[in-house]
Amino acid sequence: MKTVCIEKRGALGGTCLNIGCIPSKALLNAVANYRAAKHSFPKLGIKCSGLSYDLNQIMKQKQEAVTGLTKGVEILFRKYKVDYVKGTASFLSKDALNIKLNEGGQEKIQAKKMLIATGSDVSPLPGEPLKIDEKVVVSSTGALSLKEVPKKMIVIGAGVIGMELGSVYQGLGADVTVVEFQNQIMPFADGEVSKHMLKYFKKEGFNFLTGHKVVGGSVGERSAKVVVEDAKSGKKQELEADIVLVATGRKPYTEGLHADKAGVKLDSHGRVDVNKELMTNVPNIYAIGDVVKGAMLAHKAEEEGIAAVENMLGEGGHVNYGAIPGVIYTHPEVAYVGKTEEELKKENVAYSKGFFPMMANSRSRAMHDGEGFVKVLTDKKTDKILGVHMVSSVAGEAIAEMVLAMEYGASAEDVARTCHAHPTMSEAVKEACLGAYDKTINF
């Protein structure tokens, strides 16, 4: 198909490459190295004197990573002969778009097939007791480019964004307090993971107010006051910080799309409504990613993009939503796929559990990196893997093995009987699978 991509940002790659996954990982990596030099090197016999950091250079290397990757996408567009128009598109009809060009002027495009991939935007606090100004009260976008490390920082929301960016500035010396409405941090995670990470973060120096909501506040030129309320008792308290990060999630972005002019329906959450083939109610228009239902993950959007185009061509594209991994890139990392233990209990599924601590893994011990565990949940009768939850420094990489296993409907015994190199951290996965269907060897 002759293809054109319309992007208003002026840099390809969407939220992930420009103001999401990539810049945040570049910051997290820099901070992880700084913390290792500060806390881990002495244990290894490596002496550092006068250790410090340069925030400007940290931000510079972050931007270099972003620019390199976004330019790389432009090269791929040229390689595969994809036309690239810089501008904002809106529907005129089901097969016509009007584009407001970034350089000025307008252009109209007609197409037989359309793919909506407009992504998501920052969700404000309910009722907006504090408005985001990207100076004192910042979204994830503002937090990625702070000019200085705040002495005190309040993070509203203990999900992926809040804990990752909170970790960046806490690692550089900020006093971080995290406010979370739910009674646990990372509310979507397996309960055992959430409890472990709460204990770990507290040990690292984080402050937490779970079961609290933001009900008010005020913003000055260089600081803000936040009023929080205990969801149970109703007791209020006032917090003050140099920077407040609002990390309460994201919402689908359809502003200015004029989907109604194409006849495309949105659901009650403002998402583009699609069927299992990722087709909207208008047969020639498809939609993927954050703008449709499901987890707001770049790799989920990528799989949907491939499936949607395959369906446009009549080739039967499909996405297995039960095997989409999630990763939180703190240190240690958190990675998961499939069902949590709480979900299995709620669904009355009889299950077995395998558990293996990283402290019992030889490679982890040799590297003095034994924080975390691997947990495998299987069907009690068939041994089919239903869910996997990991906490470790390599969880984001190690989860891929178990995603593949679940994609092929493997049992825990299948993985446990697969030879894993020794010594590797991946042996913890093998051991947890052993524990799920029989018993572990090294724990």
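What counts, and at which threshold
- Residues numbered from 1 in each chain as written.
- Predicted model: local features only at pLDDT ≥ 70, side-chain atom pairs only at ≥ 80, totals over all residues.
- Heavy atoms only, no water.
- Helix = DSSP H or I, 4+ residues; strand = E, 2+ residues; numbered from the N terminus.
- Rg over C-alpha atoms; globule rule 2.2 N^0.38 Å.
- Buried < 20%, exposed > 50% of the residue type's maximum accessible area, 1.4 Å probe, protein only.
- Areas by Shrake-Rupley, 256 points an atom, 1.4 Å probe, with all protein chains shown as cover.
- Phe/Tyr/Trp six-rings, centres within 6.5 Å; stacked < 30°, edge-to-face > 60°.
- Axes fitted to C-alpha atoms, helices over the stretch in contact; angles between N-to-C directions.
- Left-handed = near helix turned anticlockwise from the far one by under 90°.
- Contact = heavy atoms within 4.5 Å.
- Pairing = 2+ DSSP bridges.
- Core = buried A, V, L, I, M, F, W, Y, C linked by side-chain atoms within 4.5 Å.
- Patch = residues over 30% accessible without salt bridge, like charges linked within 9 Å, V, L, I, M, F, W, Y side chains within 5 Å.
- Salt bridge = Lys/Arg side-chain N within 4 Å of Asp/Glu carboxyl O.

Hey, could you run me through the overall build of the chain in this one?
The helix and strand tally for the chain stands at 13 helices and 21 strands. For 443 residues, the compact-globule estimate of 2.2 N^0.38 gives 22 Å, and the chain sits close to it at 23 Å. Taking the principal axes of the C-alpha coordinates as reference, the chain spans close to 65 × 60 × 50 Å. Residues classed as buried in the chain amount to 47% of the 443 residues present. Summing over all exposed atoms, the chain offers an accessible surface of approximately 22900 Å²; the carbon and sulfur share of this is 51%.

What is the right way to look at the packing of aromatic side chains in this model?
The description of two aromatic rings rests on the distance between their centres and on the angle between their planes. Taken as a whole and judged by the stated rule, the model has nine aromatic pairs. When the centroid spacing of 6.1 Å and the interplanar angle of 90 degrees are considered together, the rings of Phe77 and Tyr84 count as edge-to-face. A ring pair is formed by Phe206 and Phe208, whose centres lie 5.9 Å apart and whose planes are at 25 degrees; its orientation type is stacked. By relative accessible area, Phe206 is classed as buried at 6%. Taken together, the ring pairs in this structure connect Tyr200, Phe201, Phe206 and Phe208 into an aromatic cluster.

Is there a simple way to think about unusual backbone geometry in this case?
With the exception of glycine, the majority of residues adopt a negative phi angle, and the majority of peptide bonds are in the trans configuration. At the junction of His331 and Pro332, the peptide bond is cis and its omega measures out at 0 degrees in the coordinates. Assignment of secondary structure puts Pro332 in the loop between strand E17 (326-328) and strand E18 (333-338). The amide bond that connects His422 to the next residue, Pro423, takes the cis arrangement and shows omega of -5 degrees. For Pro423, the position within the fold is in the loop between helix H12 (412-416) and helix H13 (427-437). Backbone geometry places Lys81, a non-glycine residue, at a positive phi of 60 degrees. Of note, Lys81 is situated in the loop between helix H3 (55-79) and strand E2 (83-93). Taking the relative accessible area as the measure of exposure, Lys81 reaches 71% and is therefore exposed. One non-glycine residue, Glu128, lies in positive phi territory at about 45 degrees.

Sorry if this is basic, but what is going on with the packing of helix H2 (residues 21-40) against helix H5 (residues 160-171) here?
In a packed pair of helices, the relevant descriptors are the angle between the two axes and the axis-to-axis distance. Orientation of H2 relative to H5, taken along the N-to-C sense of each, is 35 degrees, at an axis distance of 9 Å. Like other packed secondary-structure pairs, H2 and H5 cross with a definite hand, here left-handed. Contact residues: Ser24, Lys25, Leu27, Leu28, Val31, Tyr34 and Arg35 in H2; Glu164, Leu165, Ser167, Val168, Gln170 and Gly171 in H5.

Please explain the pairing of strand E14 (residues 243-246) as it appears in this structure.
Two faces belong to every sheet, and in a regular strand the side chains alternate between them. Where burial is concerned, the two faces of E14 agree: the one with Ile243 and Leu245 and the one with Val244 and Val246 are both buried. In terms of strand pairing, strand E8 (residues 152-156) meets E14 through four bridges, oriented parallel. For Val155, the partnering residue across the bridge sits in E14 and is Leu245.

How should the nonpolar core be read in this particular structure?
Nonpolar side chains in soluble globular proteins tend to end up buried together. Counting residues in each nonpolar core, the largest one holds 40 residues, and the members touching the most others are Met163, Tyr169, Val178, Met186, Met197, Phe201 and Leu245. For this core, the leading source of residues is H2, giving five residues. What Leu245 contacts, discounting residues up to four positions off in sequence, is Val138, Ser139, Ser140, Ala143, Met153, Ile154, Val155, Ile156 and Leu165.

Would you take a moment to explain the sheet that holds E17 for this structure?
The strands that make up a sheet pair up through hydrogen bonds in the backbone, lying either parallel or antiparallel. Taken in spatial order, the five strands of this open sheet run E17-E18-E21-E20-E19, and their pairing is antiparallel. A strand with exactly one partner marks an edge of an open sheet, and here the two such strands are E17 and strand E19 (351-357). Neighbour-to-neighbour, the strand axes of this sheet turn through a mean angle of 10 degrees, independent of strand direction. Note: strand E20 (residues 373-379) against strand E21 (residues 385-392), six bridges, orientation antiparallel. Residue pairing for E21: Leu377 is matched across the bridge by Gly387. Relative to the sheet, H13 contacts E19, E20 and E21, its axis offset from that of E19 by approximately 145 degrees.

Can you help me understand the environment of Val160 in this one?
By the secondary structure assignment, Val160 is in helix H5. Overall, the relative accessible area of 28% leaves Val160 in the partly exposed class. For the pair Val160 and Thr330, spaced 170 residues apart in sequence, the C-alpha separation works out to 8.8 Å.

Help me out: how do you make sense of a nonpolar patch on the surface in this one?
On the surface, Met1, Leu115, Val309 and Leu313 cluster together into a nonpolar patch covering about 350 Å² of accessible area. If you trace the backbone, Val309 turns up in helix H8 (residues 298-312).

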